[in-house]
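Structural overview
As a plain string of letters, each chain reads:
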Amino acid sequence: MNLYNIKDKSEQVSFAQAVRQGLGREQGLFFPETIDPLPDVDALLELPLRERSIRLLGHLLGDEVSEATLRTMIEAAFTFPAPLAKVSERIHALELFHGPTLAFKDFGGRFMAQCLAAFRTNDKITILTATSGDTGAAVAHAFYGLEGIEVVILYPKGKISPLQEKLFCTLGGNIRTIAIEGDFDACQALVKQAFDDEELKTTIGLNSANSINISRLLAQVCYYFEAIAQLPKAERANAVVSVPSGNFGNLTAGLIAKALGLPVKRFIAATNANDTVPRYLKTGVWEPHQTVATLSNAMDVSRPNNWPRVEELCRRMGWALETLGSAMRSDEQTVDALKRLYAEGYLCEPHGAIAWDALQSELAADEVGVFLCTAHPAKFKESVDEILGLDVPLPGPLAKHAELPLLSHTLPAEFARLRAFLMD
Ligand SMILES: *Cc1c(COP(=O)(O)O)cnc(C)c1O
């Protein structure tokens, strides 16, 4: 598979290089040079998730990765299902939260970890990443125990939920976590400084593992096929998929699935009050506001970093951006949606509820809707319990980690201190 940098098309890389590098020159995103339609989508849809994923990723990656290697990677990464639950007559929930950290980021994170391990050339790789909550857990669990890979995760001290902290700061082994005395932006700034430090970078083999890595998106393409595969055949051509969106990686993966020939009629991008994209699609003006904190905090993003990929793909496919549906939901509307959805018999959390509500209002009479449930309700237990008056039980993996002691270090938001820690 060949990829190019969207900001500078003369920079071309293989898939392995794109995985290792993450970003291209000028922070440009890599994008596949060609996305050929799959030869027989109907037959693929008959296969089980892992078998189908091996074939479709094999098609995308070409001869760069052998089928045997791909099989090993997929079998190690996709260790959990993505069931489609019927919510009402025409609406289904794609549950992406059955992985070890109970969020859809397990798909991308685990596959990326497998890719980095498979394509490792340095003696040592250090994954350095900043998290505002969920990505940290997904990265930590994805890389836990992988040989030759050290992971360092920064997070804003006291600004993530106690449960989120327990989930990735209790592992130990090759996973080190640092509570930074500052906010998420300070954590991101430290990561950026580290990557600008050439000596540090080469000494410890620095690598990022954030949502821009192309391997994540390819893994996510697989569950869109799994969603459609579980729909009755007669309904497939009329499927509309609603995606709760923050950095828009999830939506990019959906669009790649469509480019590969998956029958999805259209997509809806659902956001919280951080609605840069819905406003852009309506007015044509790109005008990010200050990011605001919401109930669906994994989508508190006002400058979505995968957006250039969405535009690039739409341009190449000749899809008008206006054909992309979009909707914004305030916290008040999110609370209301969560309650109505629960009244219909489905327990959800804020991110999924936003996607469901957007689908409810955008779905035409002859269409069938799928909304993505990106996290388990227990992952947002504080708000779900309060809004619905419940005491949502922690599923097994979460309950186990909640009992363990935190192993985090604490550092001030000073690069010199972080550098010394990393070089040690
Ligand atoms: C990351 C995340 C999202 C947003 O996904 P993007 O790919 O960044 O658009 C939505 N819901 C949850 C629970 C998440 O963790």
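Here the structure is a predicted model, which means the values were calculated and not measured.

This next bit is on the sheet that holds strand 5 (residues 91-95). Spatially, six strands are ordered 4-5-13-10-11-12 in an open sheet, and the strand pairing comes out mixed. Edge strands, defined here as strands with exactly one partner in the open sheet, are strand 4 (84-88) and strand 12 (325-328). Strand-to-strand twist across the sheet, computed as the mean angle between neighbouring axes with direction ignored, equals 25 degrees. Pairing between strand 4 and strand 5: four bridges, direction antiparallel. In the sheet register, leucine 84 faces strand 5, and the bridge partner there is leucine 94.

Per the stated rule, a full pass over the model turns up 22 salt bridges. Where glutamate 75 meets arginine 71, a salt bridge forms, and the shortest distance between an N and an O atom there is 3.9 Å. Placement of the pair is glutamate 75 and arginine 71 together in helix 4 (residues 67-77), with a separation of four residues, close to one helical turn. Overall, the relative accessible area of 38% leaves glutamate 75 in the partly exposed class. Overall, arginine 71 belongs to the partly exposed group, its relative accessible area being 26%. Of the charged contacts in the structure, one is a salt bridge between aspartate 197 and arginine 419, with a shortest N-O distance of 2.6 Å. With aspartate 197 in the loop between helix 8 (184-196) and helix 9 (198-204) and arginine 419 in helix 18 (residues 415-423), this pair connects stretches of sequence that are 222 residues apart. On the accessibility criterion, aspartate 197 (14% relative accessible area) is buried.

Next up on the list: helix 4. Within helix 4, the full set of buried residues consists of Leu70, Met73, Ile74 and Ala77. Buried residues of helix 4, seen end-on, are gathered within an arc of 95 degrees and therefore sit on one face of the element. Exposed side of helix 4, more than 90 degrees from the buried face: Ala68 and Thr72 are the residues found there. For helix 4, the secondary structure elements touched by its buried residues are helix 3 (49-61) and helix 5 (105-118).

Let's shift gears to the packing of aromatic side chains. By the definition in use, this model includes twelve aromatic pairs. The interplanar angle of 75 degrees and the centroid separation of 5.9 Å between the aromatic rings of tyrosine 224 and phenylalanine 267 together place this pair among those described as edge-to-face. Of this pair, tyrosine 224 sits in helix 10 (residues 214-229) while phenylalanine 267 sits in strand 11 (residues 266-271), and the two are 43 residues apart along the sequence. You'll find tyrosine 224 and phenylalanine 267 in the same group, each marked buried. An aromatic cluster is defined as three or more aromatic residues linked by ring pairs; in this entry it consists of Phe78, Phe80, Phe107, Tyr223, Tyr224 and Phe267. Between lysine 258 and the ring centre of tryptophan 319, over which it is positioned, the NZ or CZ distance is 5.8 Å.

Let us look at the packing of helix 11 (residues 249-259) against helix 13 (residues 307-317). Where helix 11 contacts helix 13, the two axes come as close as 9 Å, and the packing angle between them is 20 degrees. Regarding the angle of helix 11 to helix 13, the classification is roughly parallel. Along this stretch, helix 11 crosses helix 13, giving a crossing that reads as left-handed. Here helix 11 contributes Leu251, Thr252, Leu255, Ile256 and Ala259 to the contact with helix 13, which in turn contributes Arg309, Val310, Leu313, Cys314 and Met317.

Attention now moves to the UniProt feature "modified residue: N6-(pyridoxal phosphate)lysine" (unreviewed entry) in the protein chain. As annotated by UniProt and renumbered to match this structure, "modified residue: N6-(pyridoxal phosphate)lysine" (unreviewed entry) occupies Lys105. Within the element layout of this structure, lysine 105 appears in helix 5. Note on lysine 105: relative accessible area 17%, which makes it buried. Residues in contact with lysine 105, not counting those within four places in the same chain, are Thr135, Ala138 and Arg216.

Surveying the vicinity of the ligand reveals 15 residues, the closest of which are Lys105, Gly246, Asn247, Phe248 and Thr374. With respect to the ligand, the backbone of glycine 246 contributes an N or O atom lying 2.8 Å from an oxygen atom. For the ligand, a nitrogen atom lies 2.8 Å from a polar atom in the side chain of threonine 374. For the ligand, whose unbound accessible area comes to 390 Å², protein coverage reaches 96%. Residue classes in the shell around the ligand are distributed as six nonpolar, seven polar and two charged.

So, how was this worked out
Residues numbered from 1 in each chain as written. Predicted model: local features only at pLDDT ≥ 70, side-chain atom pairs only at ≥ 80, totals over all residues. Heavy atoms only, no water. Pairing = 2+ DSSP bridges. Helix = DSSP H or I, 4+ residues; strand = E, 2+ residues; numbered from the N terminus. Axes fitted to C-alpha atoms, helices over the stretch in contact; angles between N-to-C directions. Salt bridge = Lys/Arg side-chain N within 4 Å of Asp/Glu carboxyl O. Buried < 20%, exposed > 50% of the residue type's maximum accessible area, 1.4 Å probe, protein only. Arc of directions from axis to C-beta. Contact = heavy atoms within 4.5 Å. Phe/Tyr/Trp six-rings, centres within 6.5 Å; stacked < 30°, edge-to-face > 60°. Lys NZ or Arg CZ within 6 Å of the ring centre and 35° of its normal. Parallel < 35°, antiparallel > 145°, perpendicular 65-115°, else oblique. Left-handed = near helix turned anticlockwise from the far one by under 90°. UniProt positions renumbered as here; feature names shortened; annotations may be inferred. Near = heavy atom within 4 Å. Polar contact = N/O pair within 3.5 Å; in protein donor to acceptor, adjacent residues only side chain to side chain. Areas by Shrake-Rupley, 256 points an atom, 1.4 Å probe, with all protein chains shown as cover. Nonpolar A, V, L, I, M, F, W, Y, C, P; charged D, E, K, R; others polar.

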